[in-house]
Amino acid sequence: EPEVTQTPSHQVTQMGQEVILRCVPISNHLYFYWYRQILGQKVEFLVSFYNNEISEKSEIFDDQFSVERPDGSNFTLKIRSTKLEDSAMYFCASRPGTPTREYFGPGTRLTVT
Amino acid sequence: TQLLEQSPQFLSIQEGENLTVYCNSSSVFSSLQWYRQEPGEGPVLLVTVVTGGEVKKLKRLTFQFGDARKDSSLHITAAQTGDTGLYLCAGDRDTGRRALTFGSGTRLQVQP
């Protein structure tokens, strides 16, 4: 079965640094998502992306966050100036259309020190 | 804000026992999905229920979607130690948002 892949699996960064988390969604999918999960807490929606633009974002997704699909295969989440509270697992997901299931990547563990 | 409440949050049982996990909301969902998540990994889809009243079976796991499509349950028969993990329900509104709302999860521990 096709898979969503994410790199890196673990990223450690210092507070105030910029990080870019990378995802390669399944190739024929049209909808892309980022979620995050702080340790011990629920999975939270960050942003959805369709037709090369953001279709919805949560209150978590403030001006420090941005997403891009630069080349038709990668889907990136950038955090401009990381804070300690950004430490979490970040999951990318994609789906071919609606209503269909979402496919989740394995996640990137971001640790901000 | 749509909320999905899962209960119980934690469950520790002996191998061979039965258990039920509940997922409740005041919102109507077009579909509801159940996931299992291992530590440090992404959620893995177990089942999607779409029709009100629908029941789906996956070996010893039985999933039910409420008639009003606001709630769901997961029943495990004769639990095994391999069932240990975090179980998540997630609702899909199929609106312009097109993203999932996750419940807080139920952490299941099956003791040998």
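Here we summarise the structure given alongside this text.

Each value, and the rule that gives it
- Residues numbered from 1 in each chain as written.
- Chains lettered and ligands numbered in written order.
- Predicted model: local features only at pLDDT ≥ 70, side-chain atom pairs only at ≥ 80, totals over all residues.
- Heavy atoms only, no water.
- Phe/Tyr/Trp six-rings, centres within 6.5 Å; stacked < 30°, edge-to-face > 60°.
- Helix = DSSP H or I, 4+ residues; strand = E, 2+ residues; numbered from the N terminus.
- Buried < 20%, exposed > 50% of the residue type's maximum accessible area, 1.4 Å probe, protein only.
- Lys NZ or Arg CZ within 6 Å of the ring centre and 35° of its normal.
- Polar contact = N/O pair within 3.5 Å; in protein donor to acceptor, adjacent residues only side chain to side chain.
- Pairing = 2+ DSSP bridges.
- Contact = heavy atoms within 4.5 Å.
- Disulfide = S-S within 2.5 Å.

Let's shift gears to the packing of aromatic side chains. The final tally for this structure, using the stated rule, is 13 aromatic pairs over all chains. Geometrically, the ring pair formed by Phe104 of chain A and Tyr35 of chain B is edge-to-face, given 5.5 Å between the ring centres and 85° between the ring planes. Note that Phe104 of chain A is positioned in strand 10 (residues 103-104) and Tyr35 of chain B in strand 4 (residues 31-37), a pairing that runs across two chains. In this structure Phe104 of chain A comes out as buried when scored by relative accessible area, which is 12%. Linked through ring pairs, Tyr33, Tyr35, Phe45 and Phe104 of chain A together with Tyr35 and Phe102 of chain B together constitute an aromatic cluster. Between Arg101 of chain A and the ring centre of Tyr103 of chain A, over which it is positioned, the NZ or CZ distance is 3.8 Å.

For the rest of this paragraph, the subject is the side chain of Arg95 of chain A. Mapped onto the elements of the fold, Arg95 of chain A is located in strand 9 (residues 88-95). There is a polar contact of 2.9 Å between the side chain of Arg95 of chain A and the side chain of Asp92 of chain B.

Next up on the list: the pairing of strand 7 (residues 65-68) of chain A. On a regular strand, one side chain projects to one face of the sheet and the next to the other, so that they alternate. Residues and elements named next belong to chain A. Bridging between strand 7 and strand 8 (residues 75-79) involves 4 bridges; their strand directions are antiparallel. Residue pairing in the sheet places Phe65 in a bridge with Ile79 of strand 8. Here strand 7 hands over to strand 8 after 6 residues, with Gly72 in that stretch at a positive phi of 80°.

We now examine the environment of Glu17 of chain B. Residue and element names in this part refer to chain B. By the element assignment, Glu17 lies in the loop between strand 2 (10-14) and strand 3 (19-24). Along the chain, Glu17 and Leu3 lie 14 residues apart, while their C-alpha atoms are 30 Å from each other. Those residues within four positions of Glu17 in sequence are excluded, and the remaining contacts are Ile76, Thr77, Ala78 and Ala79.

Another point: the state of the cysteines. Inspection of every chain in the model, using the stated rule, returns 2 disulfides over all chains. Each sulfur in the disulfide pair Cys23 of chain A and Cys92 of chain A lies 1.9 Å from the other. Where Cys23 of chain A bonds to Cys92 of chain A through sulfur, the torsion about that S-S bond is close to -60°, and the disulfide is left-handed. With a gap of 69 residues between them, Cys23 of chain A in strand 3 (residues 19-24) and Cys92 of chain A in strand 9 connect regions that are remote in the sequence. In this structure, Cys23 of chain A and Cys92 of chain A share a single accessibility class: buried. One disulfide bridge connects Cys23 of chain B with Cys89 of chain B, the sulfur atoms lying 2.0 Å from each other. Residues Cys23 of chain B and Cys89 of chain B are joined by a disulfide whose S-S torsion is about 75°; by sign, that bridge is right-handed. Taken as a pair, Cys23 of chain B in strand 3 and Cys89 of chain B in strand 9 (residues 85-92) lie far apart in primary sequence, 66 residues in all. With a relative accessible area of 0%, Cys23 of chain B lands in the buried category.

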